[in-house]
Amino acid sequence: MGKFKKFVFPSATLLFSLWFSAIFALGILIGYISTHFSHKKITHSGKNNSVILNFGKWKIHFHHWLMGAVALLSCWAMGVLETLPKIIIGMAGGMVFHGLYLYDNWHKIIMKKD
């Protein structure tokens, strides 16, 4: 499944993006690449790169893919998503895709504290 995922998911995303808009596809590439390099820089700097919110016995890991998704959903809920340039929407999508594609713990959001 690993090789299938590594080839099919990016290819399908890029093809769908190009069908939607070349500018949107460019935004996805920019978002993915900039997230990849900035995340790598933060990780190698030794700084804590996770946003974790504590609530009593629970902790919430606010992944970067979740940040991009919340931003897009917020824009949609406020009715401004249609007014944003497609490249900006694509960049947020690239950030979401990066988090879902590269990390195995993307689904671990709410966890009980040890």
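Scroll up to find the structure this text is about.
Here's what I pulled together on the structure shown here. Residue indices begin from 1 for each chain and proceed along its sequence in written order. Residue-level local features of this predicted model are given only where pLDDT is at least 70; pairs of side-chain atoms are given and counted only at 80 or more, and the full residue set underlies all totals for whole chains, interfaces and linings. Excluded from the side-chain calculations are hydrogens and water; all other atoms, namely the structure's heavy atoms, are used.

We now examine the nonpolar core. Considering soluble globular proteins, one finds that nonpolar side chains tend to be buried as a cluster. Ranked by size, the top nonpolar core spans 5 residues in total: Phe24, Ile28, Cys75, Leu81 and Ile89. Contacts between residues were defined by any pair of non-hydrogen atoms, one from each residue, lying within 4.5 Å. Apart from residues no more than four positions distant in its own chain, leucine 81 is found in contact with Leu72, Cys75, Trp76 and Ile89. To define a nonpolar core, start from buried Ala, Val, Leu, Ile, Met, Phe, Trp, Tyr and Cys residues and group those joined through side-chain atoms within 4.5 Å. Exposure is judged per residue with a 1.4 Å probe applied to protein chains only, and the accessible area is read against the type maximum: over 50% gives exposed, under 20% gives buried, and values in between give partly exposed.

Another aspect to go through is helix H3 (residues 64–77). Secondary structure elements are taken from DSSP: a helix is a run of H or I of four residues or more, a strand is a run of E of two residues or more, and numbering for both begins at the N terminus. To estimate how far a helix should reach, multiply one less than its number of residues by 1.5 Å. When the terminal C-alpha atoms of H3 are compared, their 20 Å separation across 14 residues agrees well with the 20 Å that a helix rising 1.5 Å per residue should span. At the C-terminal side of H3, glycine 79 shows a positive phi close to 80°.

In this section: helix H4 (residues 86–102). Across its 17 residues, H4 extends 24 Å between first and last C-alpha, which sits within 8% of the 24 Å expected from 1.5 Å per residue. Ile89, Gly90, Ala92, Gly93, Gly94, Val96, Phe97, His98, Gly99 and Tyr101 are the residues of H4 that are buried.

What follows deals with the sheet that holds strand E3 (residues 110–112). Ordered by their spatial adjacency, 3 strands build an open sheet running E1-E2-E3, and the pairing between neighbours is antiparallel. Two strands bound the open sheet, and with one partner strand each, they are strand E1 (52–55) and E3. When the angles between neighbouring strand axes are averaged without regard to direction, this sheet yields 25°. Between any two strands, at least two bridges found by DSSP are needed for them to pair. An axis is simply a line fitted to the C-alpha atoms; with a helix, the fit covers only the stretch in contact. Between two such axes, the angle follows the N-to-C directions and lies from 0 to 180 degrees.

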